[in-house]
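So the chains spell out like this:
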Amino acid sequence: MSAVDPLLSRRPWHDLPPALAPLLRARIPELTTEMVQAIRREVRGYRQPIGSAVAHDLAEAVRLAATQFTELVEEPDAPQQHYVPRFKRLGRLEYLNGRGMDGLQAAYRIGARVACRRYMDVAREAAFSGEIAVPLSEAVLTHIHAMAEESVAGFEEARAGAADEVLRTRRLLAARLLERHPDPLAEPLPDLARRAAWPLPERVRCAVLPASADLTAVDEDVLRVSRGGELHLVASDDRQLADLLDGSGVAVGPSVLLNEAWVSLHCARLGRRLGRLRAEDHLCELHLLHGSPIGTLLTDQVLEPLRALPPGKAERLTDTLDALLTSGGRTAPEVAATLGIHPQTARNRLRQLAALYGDRLDDPAFRFDAQLALRSRSMRRSLLP
C-alpha cells in the first residue's frame, strides 16, 4: 500500500457534508485557473508559456488534485490508489526536467492556500455552518501533505533509477574503452559517454586489482568493470588513482591516448602478474616478458654456439658475452671490471667467444639480438616462476 491511505486517514472528510461535493465540482475549472495563476506568479520555475509542457503538466496536476479532493468529500472511504501513480509522476517530472523538489513543494503550499480560501467561499455561499472551517482546512492540509509525499517518492525513484542507469552505462563505457577491436556498429563513443555523464578525456590511465577489492576510496568518476575475477578501472586523471597505488595487489598502467586504453590495461595486468605495480616504470621488462616464449627461442638461438660446452663454462662465457655487449669500448679491461675478474682471464674468454661466434660479434643485428636475448633471459630467471 502507498502512503496515501494512512496519511489521508479519511477522518477530516467524514466531518464534511457530502452535499458540498457537487458545489466544489462545479467550481473546479475556475479554481484550477486561480491556483495555476498563483503558482506561476510565485514560483519562478513554473513561469513557462501557457502552451508549454510545464504549463500543461501544472494545470493537469491542479485539476487532478481538486478532483480527488471533491471525490473524498463526496465519498470519504472510496478507493484512492489510482491517484498514486499520477502524483508520483509529478515528482518524476521534476527530476527529469532537472529541477529539485523545492518548486513543487512550494506549488503545493500555494495551492493549499488558494484551495482553503475558495472552498470556504463555496461553503459560505451555500450557507453551511461556520464550524465547517476546521475540518475543511484540516482536509486540505492532509490532502496536500499526502500528495507531496507521493511526489517526493516519485522524485526519489526517478533519481535512484537514473543513478542506476548511469552506473550501468559507465560499466558499458569502461568495457567499450578497453576493447582492442571495438565493434564498428556499436553506439558511437561520444553518445555512450554522454549517457554515462563522463566527458571523454584525451588521455586515460588504467588499473587492475582483485574483484574483491574495496573501492570506497576511489573517486566515483573512475570507470570500473568486473571481468574474469578482476576489477578493471579507467581514469581520466592520474590523481584519481593515487589512493590505489599503495593498495594491496593494485597495478596501474601508463597514461595513454583514449583509443589506446586497452594498452594501459594490458601493461597493468602484466605488471600485476610480475609484481611491477607501477607499470610505466618497467615497460621494457613488460614488453620483453610478454613475449617470453619467443624470447626463449631467441636466447636458444643466440647461445647455440655454447650448447656443447660444459654447463659451468657455458655460463661463464654467457656472462662474458653479456658484459662485452654492454661495454662501451669492448675491451678486456672493461669486461674484466664488469665481471670482477682479472683482465687476462677476460682476454682468454673473449678469444673463446671470438672462436665460437666469429664475425657475428661485429654484426650490429646479431649484437642487438644477443642483447635482447640475454636481457630476456635474465628477467625470466628473476621474475617468472
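What comes next concerns the included structure. (Residues numbered from 1 in each chain as written. Predicted model: local features only at pLDDT ≥ 70, side-chain atom pairs only at ≥ 80, totals over all residues. Heavy atoms only, no water.)

Considerations on the pairing of strand β2 (residues 223-227)
On a regular strand, each side chain points to the face opposite its neighbour's, so the side chains alternate between the two faces of the sheet.
And step 1. Where β2 lies against strand β3 (residues 230-235), five bridges are found, and the strand directions are antiparallel. Across the sheet, L223 pairs through a bridge with V234, a residue of β3.
And step 2. As consecutive antiparallel partners, β2 and β3 are separated by two residues, and within that stretch G228 has a phi angle of approximately 55°, a positive value. (Pairing = 2+ DSSP bridges. Helix = DSSP H or I, 4+ residues; strand = E, 2+ residues; numbered from the N terminus.)

Observations regarding helix α12 (residues 292-302)
And step 1. Those residues of α12 not exposed but buried are S292, G295, L298, T299 and V302. One face of α12 carries all of its buried residues, which in axial projection span an arc of 110°. Summarising the geometry of α12, the exposed residues directed more than 90 degrees from the buried face are P293, I294, L297 and Q301. (Buried < 20%, exposed > 50% of the residue type's maximum accessible area, 1.4 Å probe, protein only. Arc of directions from axis to C-beta.)

Quick notes on the nonpolar core
A general trend in soluble globular proteins is that nonpolar side chains are found buried together.
And step 1. Counting residues in each nonpolar core, the largest one holds 48 residues, and the members touching the most others are F69 and Y119.
And step 2. The greatest single-element share of this core, amounting to 13 residues, is contributed by helix α7 (residues 102-125).
And step 3. Leaving out residues up to four positions away in the same chain, Y119 has contacts with L24, L31, A66, F69, L136 and V140.
And step 4. The next biggest cluster of nonpolar side chains, apart from the first, holds 22 residues, and it includes L306, L325, L353 and L361. (Core = buried A, V, L, I, M, F, W, Y, C linked by side-chain atoms within 4.5 Å. Contact = heavy atoms within 4.5 Å.)

Comments concerning the pattern of salt bridges
And step 1. Evaluated as defined, the whole model comprises 25 salt bridges.
And step 2. The shortest N-O distance in the salt bridge between R195 and E187 comes to 2.8 Å.
And step 3. Between R307 and E304 there is a salt bridge, with the nearest N and O atoms lying 3.0 Å from each other. (Salt bridge = Lys/Arg side-chain N within 4 Å of Asp/Glu carboxyl O.)

Considerations on the pairing of β3
And step 1. A large share of β3 lies buried, amounting to six of its six residues.
And step 2. By the alternation rule, side chains of β3 split into E230, H232 and V234 and L231, L233 and A235, which are all buried.
And step 3. Both strand β1 (residues 203-210) and β3 contribute to a ladder of six bridges, which runs antiparallel. Of the residues in β3, the one forming a bridge with V208 is H232.

Details of the packing of helix α4 (residues 28-42) against α7
And step 1. Packing of α4 against α7 leaves a shortest axis separation of 9 Å and a crossing angle of 140°. As far as their axial angle goes, α7 and α4 are oblique. Like other packed secondary-structure pairs, α4 and α7 cross with a definite hand, here right-handed. Note on element contacts: α7 touches α4 through A107, I110, G111, R113, V114, A115, R117, R118 and Y119, opposite L31, E34, M35, A38, I39 and E42. (Axes fitted to C-alpha atoms, helices over the stretch in contact; angles between N-to-C directions. Parallel < 35°, antiparallel > 145°, perpendicular 65-115°, else oblique. Left-handed = near helix turned anticlockwise from the far one by under 90°.)

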